[in-house]
Amino acid sequence: QKEVEQDPGPLSVPEGAIVSLNCTYSNSAFQYFMWYRQYSRKGPELLMYTYSSGNKEDGRFTAQVDKSSKYISLFIRDSQPSDSATYLCAIIQGAQKLVFGQGTRLTINP
Amino acid sequence: DAGITQSPRHKVTETGTPVTLRCHQTENHRYMYWYRQDPGHGLRLIHYSYGVKDTDKGEVSDGYSVSRSKTEDFLLTLESATSSQTSVYFCAISITGQERTSANTGELFFGEGSRLTVL
């Protein structure tokens, strides 16, 4: 079992919709959870990170961690065409090594 | 801008030939990483380095070797390229310091990627 599992999609929604992206992870010891965004033909960039459990909000983006079910989510409100990208969840696995999910390709249609 | 440069950005080669990809950073950060990205697999760690001449294997290290003789350069070598190594390769660095620590934020800074095709 991979440490982090993510539905690769693709996911296509109309502009203005609320988007929900999800990952599951295997090890309850993981404490740091990240979401990266990757535009086509570019390197990934950190979008948000959370420590332990709970919610973290940044503008239209909310990251949520449910440690009891080992589930991490990213919500995008009022989605825009510029949000079209691949979103990757990630965890830190010792010695500053990141383990990534498969990535979900998201398209926001005008 | 974390000052990461990858070269070459694109390369087409034939099976059995050696290939070296270079990652160069301008800020003397200690940790450097090589990932590969393939459809359905996301980003997978190949090798990483935590200092000059200090390297370790990642999840998919078979068929790859690395070297770090200078802080600023991290080289990834495919001794004898195979078609299964056709991929996009990303170099990344992590940041340490008083104000910002990748260990606390999980923030890696990635290069633009090197697209390798092995025929």
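Residues numbered from 1 in each chain as written. Chains lettered and ligands numbered in written order. Predicted model: local features only at pLDDT ≥ 70, side-chain atom pairs only at ≥ 80, totals over all residues. Heavy atoms only, no water.

1. Quick notes on the overall build of chain B
When helices and strands are counted, chain B shows one helix and eleven strands. Ordered by position in the sequence, the α and β elements of chain B form the string β-β-β-β-β-β-β-β-β-α-β-β. Burial status across chain B gives 51% buried among its 119 residues. Pairs at least 24 apart in sequence give 56% of the contacts found in chain B among residues at least 6 apart. (Helix = DSSP H or I, 4+ residues; strand = E, 2+ residues; numbered from the N terminus. Buried < 20%, exposed > 50% of the residue type's maximum accessible area, 1.4 Å probe, protein only. Contact = heavy atoms within 4.5 Å.)

2. Structural notes on the interface of chain B and chain A
Opposite the 25 residues of chain B that make contact, chain A presents 20 residues. Counting across the interface, chain B meets chain A through two salt bridges. Taking the shortest distance from any N to any O, the salt bridge between E112 of chain B and K42 of chain A comes out at 3.3 Å. At the level of elements, β4 (32-38), β5 (42-51), β9 (87-94), α1 (102-105) and β10 (108-110) of chain B are the ones that each hand at least two residues to the side of chain B that touches chain A. Tallied by class, residues from the side of chain B that touches chain A come to ten nonpolar, eleven polar and four charged. (Salt bridge = Lys/Arg side-chain N within 4 Å of Asp/Glu carboxyl O. Nonpolar A, V, L, I, M, F, W, Y, C, P; charged D, E, K, R; others polar.)

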